[in-house]
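# Understanding the architecture of this molecule
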Amino acid sequence: MAELTVNGKRMQYEAEADTPLLWVLREQLSLTGTKYGCGVAQCGACTVHIDGAPMRSCVMPASALTPAQKITTIEGLSPNASHPLQKAWDALDVPQCGFCQSGMLMAAAALLKSKPKPTDADIDAAMTNICRCGTYNRVRAAIHLAAGQVQRKQIPIVIEGGQA
């Protein structure tokens, strides 16, 4: 039986050597917050942290990781949704369908850890995740809010013919 350290706990799993970490997390360890989107590391829905760095788990073989490496999933970001990013996401109603949001949150958390007061350019460079609903402006605003750079404000939503 192989072992991984996920969200601070040593966990055992059994899978083929080439099984992506994403599937071990979801199917073996029942951590379903990390999502499958594209399977080729492009969309970012599967983003987790490995030793604090954001990684796309859909292409990372679980067997390439050791129990000494610390894996953090969306479930481990904050057990009670008290992380500043989770609060900002909620305050600004960032998600629409929500599918990509766990990966977005994990990428944003890694960004804030490395750059506590990111610029728009920093956010654009770090947030390479794809959102089919187009919530990028709200994601940027939520990152700034979590970083303490702006006060909570309404994000204007533009609809055909003007603003809502």
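Residues numbered from 1 in each chain as written. Predicted model: local features only at pLDDT ≥ 70, side-chain atom pairs only at ≥ 80, totals over all residues. Heavy atoms only, no water.

As named in an unreviewed UniProt entry, the chain is Isoquinoline 1-oxidoreductase alpha subunit, taken from Roseateles asaccharophilus.

This part takes up the overall build of the chain. Counting secondary structure elements, the chain contains six helices and seven strands. Along the chain, helices and strands appear, N-terminal first, in the series β-β-α-β-β-β-α-α-α-α-α-β-β. Relative to the globule expectation of 15 Å for 164 residues, the C-alpha radius of gyration of the chain, 16 Å, shows essentially globular dimensions. In terms of overall dimensions, the chain has a C-alpha envelope of 60 × 30 × 25 Å along the principal axes. Considering only contacts within the chain whose residues lie at least 6 apart along the sequence, 55% involve residues at least 24 apart. (Helix = DSSP H or I, 4+ residues; strand = E, 2+ residues; numbered from the N terminus. Rg over C-alpha atoms; globule rule 2.2 N^0.38 Å. Contact = heavy atoms within 4.5 Å.)

Leu-85, Trp-89, Met-104, Met-127, Val-139 and Ile-143 are the most contacted members of the largest nonpolar core, which totals 25 residues. For this core, the secondary structure elements donating two or more residues are helix H2 (74–77), helix H3 (84–91), helix H4 (101–114) and helix H6 (136–146). Considering every element that reaches this core, the biggest residue donor is H4, with eight residues. In this structure Leu-85 touches Leu-105, Ala-108, Ala-109, Leu-112, Ala-142, Ile-143 and Ala-146, once residues within four positions along its chain are discounted. Within the second largest apolar cluster, 13 residues are counted, among which are Val-6, Tyr-13, Val-24 and Ile-71. (Core = buried A, V, L, I, M, F, W, Y, C linked by side-chain atoms within 4.5 Å. Buried < 20%, exposed > 50% of the residue type's maximum accessible area, 1.4 Å probe, protein only.)

Attention shifts here to the packing of H4 against H6. Two elements in contact, H4 and H6, have axes whose closest approach is 11 Å; the angle formed by their N-to-C orientations is 40°. The angle between H4 and H6 falls in the class oblique. Crossing angle aside, the handedness with which H4 passes H6 is right-handed. Of the residues in H6, those in contact with Gln-101, Met-104, Ala-108, Leu-111 and Leu-112 of H4 are Tyr-136, Val-139, Ile-143 and Ala-146. Split into classes, the residues belonging to the contact of H4 with H6 amount to eight nonpolar, one polar and no charged. (Axes fitted to C-alpha atoms, helices over the stretch in contact; angles between N-to-C directions. Parallel < 35°, antiparallel > 145°, perpendicular 65-115°, else oblique. Left-handed = near helix turned anticlockwise from the far one by under 90°. Nonpolar A, V, L, I, M, F, W, Y, C, P; charged D, E, K, R; others polar.)

As a further point, take the pattern of salt bridges. This structure, assessed with the given rule, holds four salt bridges. Arg-10 serves as the salt-bridge partner of Glu-3, at 3.1 Å between the closest nitrogen and oxygen. Here Arg-10 falls in the exposed class, since its relative accessible area comes to 54%. Asp-122 is the salt-bridge partner of Lys-115, the closest N and O atoms lying 3.3 Å from each other. Each of Asp-120, Asp-124 and Arg-140 takes part in a single network of salt bridges with overlapping partners. (Salt bridge = Lys/Arg side-chain N within 4 Å of Asp/Glu carboxyl O.)

Attention now moves to the environment of Lys-70. Mapped onto the elements of the fold, Lys-70 is located in strand E5 (residues 70–72). Distance in space between the C-alpha atoms of Lys-70 and Ile-50 is 5.6 Å, their sequence separation being 20 residues. Excluding residues that lie within four positions of it along the chain, Lys-70 makes contacts with Thr-5, His-49, Ile-50 and Asp-51.

This part takes up the pairing of strand E3 (residues 47–50). Residues of E3 alternate between two faces, with Thr-47 and His-49 on one and Val-48 and Ile-50 on the opposite face, all of them buried. Judged from the four bridges that link them, E3 and strand E4 (residues 53–56) form a sheet pairing that is antiparallel. Directly across from Thr-47, in E4, lies its bridge partner Arg-56. Relative to E5, E3 runs antiparallel, the two being bridged by two bridges. Within E5, the residue paired with His-49 across the bridge is Thr-72. (Pairing = 2+ DSSP bridges.)

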